[in-house]
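Here is how the chains run, residue by residue.
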Amino acid sequence: AVNGYARGEHPPGRTVAPTREPYLAAHNMLLAHALAAARLRKMQAARPTDQRALISLGVHADWREALSGSEADADAAQRSMAFTLGWMAAPLYTGAYPPAMRAALGDALPSFTAEQAALLRNSSDFFALQHYSTLMVSRPNATFPPLPETSFYAAEGVRWHSTRGARKNSLGWDIAPFGLYKLLKHIDETYQPRGGIVITESGFPSRGDDAAPHEATRDTARVCYLKRYLQAVHRAMGEGVPVRGYFVWSLLDAAEWEHGFGTRFGLVRVEPGTLARQPKASAVFYTRAVKAGGFNASDGECNATTQAAPRFRAEGAQLQAVVNASRGGTPSLEVSRTMLLRTVRLPPPPRPPARG
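For clarity, every value in this text was computed on a predicted model and none was experimentally measured.

Thresholds applied
Residues numbered from 1 in each chain as written. Predicted model: local features only at pLDDT ≥ 70, side-chain atom pairs only at ≥ 80, totals over all residues. Heavy atoms only, no water. Core = buried A, V, L, I, M, F, W, Y, C linked by side-chain atoms within 4.5 Å. Buried < 20%, exposed > 50% of the residue type's maximum accessible area, 1.4 Å probe, protein only. Helix = DSSP H or I, 4+ residues; strand = E, 2+ residues; numbered from the N terminus. Contact = heavy atoms within 4.5 Å. Pairing = 2+ DSSP bridges. Phe/Tyr/Trp six-rings, centres within 6.5 Å; stacked < 30°, edge-to-face > 60°.

Caption draft 1: Local environment of the nonpolar core. In this structure, Leu-85, Phe-127, Leu-129, Leu-184 and Tyr-246 are the most contacted members of the largest nonpolar core, which totals 62 residues. With 9 residues, helix α3 (residues 71–94) is the single largest residue contributor to this core. Beyond its immediate stretch of four places on either side in the chain, Leu-85 contacts Val-59, Ala-61, Ala-90, Phe-127, Leu-183, His-186, Ile-187 and Tyr-191.

Caption draft 2: The pairing of strand β6 (residues 197–201), seen in detail. Across the 5 residues that make up β6, a large majority, 4, are buried. Sheet topology note: the strand β3 (residues 127–130)/β6 ladder contains 4 bridges and is parallel. Residue pairing for β6: Phe-127 is matched across the bridge by Ile-197. Pairing analysis gives 3 bridges linking β6 to strand β8 (residues 243–246), with the strands arranged parallel. Bridged to Ile-197 within β8 is Val-243.

Caption draft 3: Local environment of the environment of Ala-74. Checked against the element boundaries, Ala-74 lands in helix α3. Look at Ala-74 and you get partly exposed, because its relative accessible area is 32%. Sequence separation between Ala-74 and Arg-139 is 65 residues, and the spatial gap between their C-alpha atoms is 8.7 Å.

Caption draft 4: Just the packing of aromatic side chains, in detail. Taken as a whole and assessed by the stated rule, the structure comprises 15 aromatic pairs. Ring centres of Tyr-93 and Phe-127 lie 5.8 Å apart, and the angle between their planes is 10°; this geometry places the pair in the stacked category. Of this pair, Tyr-93 sits in helix α3 while Phe-127 sits in strand β3; the two residues are 34 residues apart in sequence, bridging distant segments of the chain. Ring geometry for Tyr-225 versus Tyr-229: centroids 4.0 Å apart, planes at 15°, classification stacked. With a gap of 4 residues between them, Tyr-225 and Tyr-229 both fall in helix α8 (residues 220–238), about one helical turn apart. Take Tyr-225: its relative accessible area is 3%, and that puts it in the buried class. Tyr-229 gets classed as buried once you look at its relative accessible area, which sits at 0%. In this structure an aromatic cluster arises from ring pairing among Tyr-23, Trp-87, Phe-152, Tyr-153 and Trp-160.

Read these as layout, nothing more, since geometry by itself doesn't imply function.
This is the structure:
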């Protein structure tokens, strides 16, 4: 909705009414989901419960952290979350847009009929979350004045800032695992979604067009990202948040919108031209972590705000050795044993309370 009808970066590339068309587009997306969910449930009503498809709508949301401890910045962070997460999530669970959006946008924000609201409420069998990064926000002031009224983002009434001390990925997004932990807690407390939360997208972009294949597969920064973000998920689960799954974006390098193959998210490298596939170190790490039910991570290793520790660089070399060994078939017993020793099982999180 935003990239297609405000920024003009994605199809259909419109920028003629950035303060109105994005809300109409999102409104129609929500209605389409609600109608499709109702139709699908009717079609499969006669099937056994375990043979029915689960339905959800992916909600993309960064976490928005207050820049300071002031009440003004705290209010700005709450309003920013309403305009990002709440824009799509609130209708799915309450049948209405967040009050902060209605107050700021008035008639520019469409309304749902009572029938539409009823279709929307609980139209998702689980909360499908897409998350990559975190921003800090503040109330506009003399240093950071409000955005022009013609900007799509003006109605939100905040100014964005980089997360203090965080590294950035190749697209300029802040790497801030704490944001995922806070976002999961916020979703659970605000919406208590039936079926729990499934993170359907989360990943790390890197530049890859100019790198030689053997260099491009040594993606230790992506392994670090996955480790830290999975630790944030585990922390939330340990506090009772019912996270049911985590899907890495993406399995393969893909043509990423306007970035093409210049930005790569894949666990497996795809060679332009030949489309040959080559597992990266992150593919090996994630495979091992899933099989073992956990992974090894020490304090200071992969810290998002510091250089990678020498120990982790050594681990990256071991991961690459597995990739190299796998090209000719099964890794040697010695290599496999080395990698298995690098994984440990994390204690299972407490079982979340049952939800009606």
